[in-house]
Amino acid sequence: MSDLKLTYPSLNNAPDKYPVQLVGLREAAIRISSEKFTNSSNENLHSIDTYLKYASGLMAVIHEEPVLLKLLSTDLTVTLVNCSTFYSKVTTALLQRAYTSNDPKSKLWVSAGQEVKKGLGLLQFLEKTLNNQSVGSIHSSVIREQIENLQILSQLTVITLSLLKLKHVMSNPMTTKLELQTNSISSTATSCVFNTKLCLGCLNNASGLRMQGFINQQLLAFLEGCAFLLMSIDEFKSNETGISIGMLEQTINFYSKIIPRTEITQSILEKENSTRSTKFSLRKKKELLKNKMHHTLSKTKQVTSNIGPGLSNTKLLPVLNVILHDFLIPLIQLLRYVYKQTNEKLTFKPIESDMSTLTSRLPSGISPTVTGTDWKFENEVLQISEPTINALDSSYF
């Protein structure tokens, strides 16, 4: 995640006008803004609590003396924007814990969705407060930018959960999905198309934003690579193996912007591929690769500590980096083998490499509506209104 975006202004120009009862709360908030953190859960929650206390103090003074809103609007903006940043940090930490739990029904998914919406709701509360009082903010562009960033993060929580669900379907040891027969992946293709639409919707939204923090070229490459990867499965279901191979190669091209290409293409299925390989040995190799997609929690945790050369400086969100190594790369390796074997022995389709042709076969993206948590100032405290669960919450979390 990006660092705090705003700093508090000096009070040297108007020390007598600043409410004395807020001095202590302001100093505590400034300390939070200047300290270096290890990004631990306790530190993030303490920071949120500190900012909310100062925001409550500011709102109490503004409620009593509305004329002071103009004086205090900058402090209120800095406080709530920075507080929303810590909600982002909490969300990303929860997302990684949720994915590595390997449990699509874990309550951690609900918690992650709630935290990002709290941060989004705070910013929407800030916009409403300033607009209602016709107070312009020099930080209005930053507020809007942070709202858009949190909307992207909220979409990524849905995509992350969807990919884990897909991983569970594909790595179920009781099924024979993703074997050479084209009808073996028909039940997977529908969910792949839907996930493709989610990735493209998020990609379209993120592409229009300024590249900073977790919204960067690596995120765009991840989303576009996912879209081609998942859509290739639907094309394979329709026996369009030439299209499937072309889409998978585009996926590799996009992911090569994140990690070395050799880490993606090296596969146990393509090693020792000699004429002496028996049908049994090939089947055994496919099973070994498929097992890579069915990690236990301990193996998934190893992915985070053994990411591979050249990735220590990656700007990709940690949870997406884990998904890439834990699920998507093994999936690419398996599909690459299946697609090529099917095309060479059964379908004999020309391999499509034209990017415009491949792109034209992608569906339109979808962007689920993201609504922030409703905040209110009541009883001298900035607090969350009664929680509500919308359709998206009940469906995904």
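Heads up: these notes are all about the structure in this document. None of the values given here were measured: they were computed from a predicted structure.

Overview of the overall build of the chain
Reasoning step 1: Of regular secondary structure, the chain possesses 14 helices and 2 strands.
Reasoning step 2: Here the chain holds 397 residues, and 51% of them are scored as buried.
Reasoning step 3: In the chain, 78% of the contacts between residues at least 6 apart in sequence involve partners at least 24 apart.
Reasoning step 4: For the chain, the accessible area works out to roughly 18,700 Å², and carbon and sulfur atoms hold 51% of it.

Overview of the packing of aromatic side chains
Reasoning step 1: Evaluation of the coordinates by the stated rule reveals 6 aromatic pairs.
Reasoning step 2: Between Y51 and F86 the ring centres are 6.1 Å apart and the planes differ by 40 degrees, which places this aromatic pair in the tilted class. Taken together, the positions of Y51 in helix α2 (residues 41–64) and F86 in helix α3 (residues 69–100) put the pair 35 residues apart, joining distant regions of the chain. Like Y51, the residue F86 is buried in the burial classification.
Reasoning step 3: In this structure, R26 packs its charged tip against the face of Y18, placed 5.6 Å from the ring centre.

A word on the environment of E352
Reasoning step 1: Tracing the backbone shows E352 in the loop between α12 (318–347) and α13 (355–359).
Reasoning step 2: On the basis of relative accessibility, which here comes to 23%, the residue E352 falls in the partly exposed class.
Reasoning step 3: Put simply, E352 and E249 are 103 residues apart on the chain and 9.7 Å apart in space, counted from C-alpha to C-alpha.
Reasoning step 4: Non-local contacts of E352, meaning those with residues more than four positions away in its chain, are made with G242, I243, G246, T357 and L358.

A word on unusual backbone geometry
Reasoning step 1: The residue N239 is not glycine, and still its phi comes out positive at about 70 degrees.
Reasoning step 2: Within the secondary structure, N239 is located in the loop between α7 (217–237) and α8 (241–255).
Reasoning step 3: According to the relative accessible area criterion, N239 is partly exposed, its value standing at 33%.

Some thoughts on the packing of helix α4 (residues 107–132) against helix α5 (residues 140–170)
Reasoning step 1: Contact geometry for α4 and α5: axes closest at 10 Å, N-to-C directions at 165 degrees. Taken together, the axes of α4 and α5 are roughly antiparallel relative to one another. Between α4 and α5 the crossing geometry is left-handed. In contact with W109, V116, K117, G119, L120, L123, L126, E127 and L130 of α4, α5 contributes I143, R144, Q146, I147, L150, Q151, L153, S154, T157, T160, L161 and L164.

Looking at the nonpolar core
Reasoning step 1: Core analysis: the biggest nonpolar cluster contains 109 residues, and I152, L156, F222, L223, Y255, L320 and L328 have the highest contact counts within it.
Reasoning step 2: Apart from the residues lying within four places of it in its own chain, the contact partners of Y255 are A221, F222, G225, C226, L229, I264, L324, L328 and I332.

Side note on the environment of L80
Reasoning step 1: Inspection of the secondary structure assignment puts L80 in helix α3.
Reasoning step 2: By relative accessible area, L80 is classed as buried at 0%.
Reasoning step 3: If we ignore the near neighbours within four places in the chain, the residues touching L80 are A55, L122, L123, F125, L126 and L382.

A look at α8
Reasoning step 1: With 15 residues, α8 extends 21 Å between its outermost C-alpha atoms, agreeing within 8% with the 21 Å of an ideal straight helix rising 1.5 Å per residue.
Reasoning step 2: Summarising burial for α8: 13 of the 15 residues are buried, a large majority.

Concerning the pattern of salt bridges
Reasoning step 1: Using the criterion set out here, one finds 12 salt bridges in the structure.
Reasoning step 2: Across the salt bridge formed by R361 and E235, the nearest N and O atoms sit 3.0 Å from each other. One end of the pair, R361, is in the loop between α13 and β1 (375–378); the other, E235, is in helix α7, and 126 residues separate them in sequence.
Reasoning step 3: E235 sits in the buried class, given a relative accessible area of 5%.
Reasoning step 4: Residue E249 is joined to R336 by a salt bridge in which the shortest nitrogen-to-oxygen separation is 3.2 Å. Residue E249 is located in helix α8, and its partner R336 is located in helix α12; the two are separated by 87 residues in the primary sequence.
Reasoning step 5: Taking relative accessible area as the criterion, R336 reaches 14% and is therefore assigned buried.
Reasoning step 6: Several salt bridges share partner residues, and in doing so they unite E249, R261 and R336 into one network.

The rules behind the values
- Residues numbered from 1 in each chain as written.
- Predicted model: local features only at pLDDT ≥ 70, side-chain atom pairs only at ≥ 80, totals over all residues.
- Heavy atoms only, no water.
- Helix = DSSP H or I, 4+ residues; strand = E, 2+ residues; numbered from the N terminus.
- Buried < 20%, exposed > 50% of the residue type's maximum accessible area, 1.4 Å probe, protein only.
- Contact = heavy atoms within 4.5 Å.
- Areas by Shrake-Rupley, 256 points an atom, 1.4 Å probe, with all protein chains shown as cover.
- Phe/Tyr/Trp six-rings, centres within 6.5 Å; stacked < 30°, edge-to-face > 60°.
- Lys NZ or Arg CZ within 6 Å of the ring centre and 35° of its normal.
- Axes fitted to C-alpha atoms, helices over the stretch in contact; angles between N-to-C directions.
- Parallel < 35°, antiparallel > 145°, perpendicular 65-115°, else oblique.
- Left-handed = near helix turned anticlockwise from the far one by under 90°.
- Core = buried A, V, L, I, M, F, W, Y, C linked by side-chain atoms within 4.5 Å.
- Expected span 1.5 Å × (residues − 1).
- Salt bridge = Lys/Arg side-chain N within 4 Å of Asp/Glu carboxyl O.

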